[in-house]
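Structural overview for review
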2 protein chains.
Amino acid sequence: MATTSSGRSSGGAAQAPQRPVSATTTAYRFAKERLLDGRFPAGQLLSENEIARDLGISRTPVREAFLLLEAEGLLELYPRRGALVTPISPTESDDLLEARLLTEGHCAASVTAPDPSLDLALAEAIEAQEEAVGGGDVESHIFTVADRDFHRAIVAAHGNEIITRQYDALRDRQQRISALATARSRERIVQFIAEHREIASALAAGEGARARELIEEHLRLAHELARGARR
Amino acid sequence: MATTSSGRSSGGAAQAPQRPVSATTTAYRFAKERLLDGRFPAGQLLSENEIARDLGISRTPVREAFLLLEAEGLLELYPRRGALVTPISPTESDDLLEARLLTEGHCAASVTAPDPSLDLALAEAIEAQEEAVGGGDVESHIFTVADRDFHRAIVAAHGNEIITRQYDALRDRQQRISALATARSRERIVQFIAEHREIASALAAGEGARARELIEEHLRLAHELARGARR
DNA sequence: TGGCAGCCGCTTGCATGCCAGATGTTGTCC
DNA sequence: GGACAACATCTGGCATGCAAGCGGCTGCCA
């Protein structure tokens, strides 16, 4: 129950038996990281050859990674032409917001009694965010990761694996969009954290319905801010 | 807007420029079809070689198809061991029901005014089901396909591509489960069609909230029946 | 008879090579 | 000068080959 992301997890290393990491996984992580943080910008054409060369592996595993990324909607493969970084559709951001509202709202609302392990996960995520802010680390990944963890914990606590998996895919896509635009002012971040606290305490009280409302507000606000920043 | 399924569509052929169909796609369709209809039963170990031989292609495209199917949750790849047809978890059926209730209910409820093109799609699906029943064709795919079309139309009409895509994945997984068990008595099918009619007319009247209730009832009933049949 | 070591055959992982489709370019002709 | 045809060169699609991990079988030994 600890994988961060879908499929070939990149995070949550732990100290597994240290399998040498397959070349396919290497290529997958390499490309996905760049797709999500914007180093491979939407509309760019990628070539298997180039990435294979960069990584010192053959085209085969790169090709496999591309296939996976296409299935996730991050890449579009055009036969004998190349791999296009999926353009961000005008409605994508709205569509994602809707899907998140639906999913997170549902999962939050299903909380009707305190759940200590959820509370713990939320507390940890909040703490991580505060540390990031305290350290002036507003730009780093830390904040983003902790934000994901916070929201993911709510969904995961609901215990529906299928929904959780689909939710992870949503976050991946969203991360790519927000990489474009997120104007992270310190005040906003502080406010986000405050909202997280409120949400967490509603859940700790077993008040799922209230948590749902707070989450919806929170997500909408973030959405509006991002939209503003993108313009 | 006509693809039936996710990714490398298997249905909805239409008469595209008749691209020769890539070997990867061939392998993908071949395996997916068998995964969904139960000819590759849960727990079975598949081998790239065998399928490649059967299809008269090399292992490479088969391997790529397997990767895609793993991403869809239909297969689990174990390094150097083989591909295991994902076992059906005890909660999978419940999880799917919940996800469908959430998604379909949401999309249906969003209908607040009549939508002629939705009405048409629903009518067509209902008609196809009746034809199937009339022809005594209760066991055939026709009924299943039309059922999918009916429910999918409601989700697709909502216009959120991301949600629609995820919904398709849900249906794929569900099809695999119901292939196991669906006891199709004629009376039940007739009843299902009647319920479809009710849902369609609620939507035609722009009464999304009512349609939602009907859908929820409808799905729960089907779930219960399937559960009973599976025991 | 029970346990264990070594082997054999299975599997996939991945590199490589060949080929065909697609595109941009150049040279020619009007 | 503009249009078109042939070419050069890029791309990926897929077959093939080799190596290495893993499991089960066999045969030895206690």
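It should be emphasised that the depicted structure is a prediction, and the values quoted were computed from it without experimental measurement. (Residues numbered from 1 in each chain as written. Chains lettered and ligands numbered in written order. Predicted model: local features only at pLDDT ≥ 70, side-chain atom pairs only at ≥ 80, totals over all residues.)

**Considering the sheet that holds strand β3 (residues 82-85) of chain B**
Residue and element names in this part refer to chain B. Defined as follows: A strand pair is defined by DSSP finding two or more bridges across the two strands. Only DSSP runs of H or I covering at least 4 residues are called helices, and only runs of E covering at least 2 are called strands; the numbering of each starts at the N terminus. We call two residues in contact if the C-beta atoms placed from their backbones are at most 7 Å apart. Interaxial angles span 0 to 180 degrees and are taken between N-to-C directions of axes, which are lines fitted to C-alpha atoms, for helices over the stretch in contact.
Taking strand neighbours across the sheet as the criterion, the three strands line up as β1-β3-β2 in an open arrangement whose pairing is antiparallel. Each of the sheet's edge strands pairs with one partner strand only, and the pair in question is β1 (45-46) and β2 (75-78). Taken together, the four bridges between β2 and β3 define a ladder with antiparallel strand orientation. Its bridge partner being in β3, E76 is matched across the sheet by L84. Helix-sheet contacts for helix α3 (residues 59-71) involve β2 and β3, and the interaxial angle to β2 is about 120 degrees.

**As for the interface of chain A and chain B**
Contact residues are listed per partner, giving 16 residues for chain A and 16 residues for chain B. Listed by contribution, the elements that provide at least two residues to the side of chain A that touches chain B are α3 (59-71), α4 (92-109) and α7 (161-181) of chain A. Sort the elements by how many residues they give to the side of chain A that touches chain B and α4(A) lands first, with six residues.

**Overview of the packing of helix α2 (residues 48-55) of chain A against α3(A)**
Residue and element names in this part refer to chain A. As a reminder, the rule being used: If an angle is under 35 degrees, it is roughly parallel; if it is over 145, roughly antiparallel; if it lies from 65 to 115, roughly perpendicular; otherwise it is oblique. Throughout, a crossing is termed right-handed when the near helix is turned clockwise from the far one, and left-handed when it is turned anticlockwise from it by less than a right angle. For this classification, Asp, Glu, Lys and Arg are treated as charged, while Ala, Val, Leu, Ile, Met, Phe, Trp, Tyr, Cys and Pro are nonpolar and the rest, including Gly, are polar.
Contact geometry for α2 and α3: axes closest at 9 Å, N-to-C directions at 120 degrees. In terms of orientation, α2 and α3 fall into the oblique class. The handedness of the crossing between α2 and α3 comes out as right-handed. Two secondary-structure elements touch here, α2 through E48, N49, I51 and A52 and α3 through R59, V62, R63 and F66. The class makeup of the residues in the contact of α2 with α3 is four nonpolar, one polar and three charged.

**Thoughts on the relation of the copies chain A and chain B**
The criterion, for reference: The fit set for superposing copies consists of C-alpha atoms from residues with pLDDT of at least 70 in both; the fit itself is least squares.
With an RMSD of 0.1 Å, chain A superimposes on chain B once it is rotated by 180 degrees and translated 0.0 Å along the axis. When the rotation and shift are considered jointly, the pair of chain copies conforms to a two-fold rotation axis.

**Brief notes about the sheet that holds strand β1 (residues 45-46) of chain A**
Residues and elements named next belong to chain A. The three strands lie next to each other as β1-β3-β2, forming an open sheet whose pairing is antiparallel. Either end of the sheet is taken by a strand with one partner, and the two such strands are β1 and β2 (75-78). Sheet topology places β1 next to strand β3 (residues 82-85); two bridges connect them, and they run antiparallel. Paired with L45 across the bridge in β3 is L84.

**Considerations on the protein's contact with DNA strand C**
Selection criterion: By convention here, the C-beta atom is placed from the backbone, and a residue is near a molecule or strand when that atom is within 6 Å of it.
Taken together, 20 residues form the shell around DNA strand C, and within it A:S22, A:A23, A:I57, A:S58 and B:S47 come nearest. Listing elements by their share of the surface near DNA strand C, those giving two or more residues are α1 (23-37) and α3 of chain A together with α2 (48-55) and β3 of chain B. Per-class residue counts for the surface near DNA strand C are six nonpolar, seven polar and seven charged.

**Quick look at the nonpolar core**
The criterion, for reference: We call a set of buried Ala, Val, Leu, Ile, Met, Phe, Trp, Tyr and Cys residues a nonpolar core when their C-beta atoms link them within 7 Å. For the exposure call, what matters is how many other C-beta atoms sit within 10 Å of a residue's own: 20 or more marks it buried, 12 or fewer exposed, and in between partly exposed, using C-beta atoms placed from the backbone.
Among the nonpolar cores identified, the biggest contains 59 residues, and A:A108, A:L122, A:L203, A:A211, B:A108, B:L203 and B:A211 are the most heavily contacted of them. Setting aside anything within four residues of it in sequence, one finds A:L122 in contact with A:F150, A:A153, A:A200 and A:L203. Counting 38 residues, the second-largest nonpolar core is a separate cluster that includes A:A31, A:F66, B:Y28 and B:A65.

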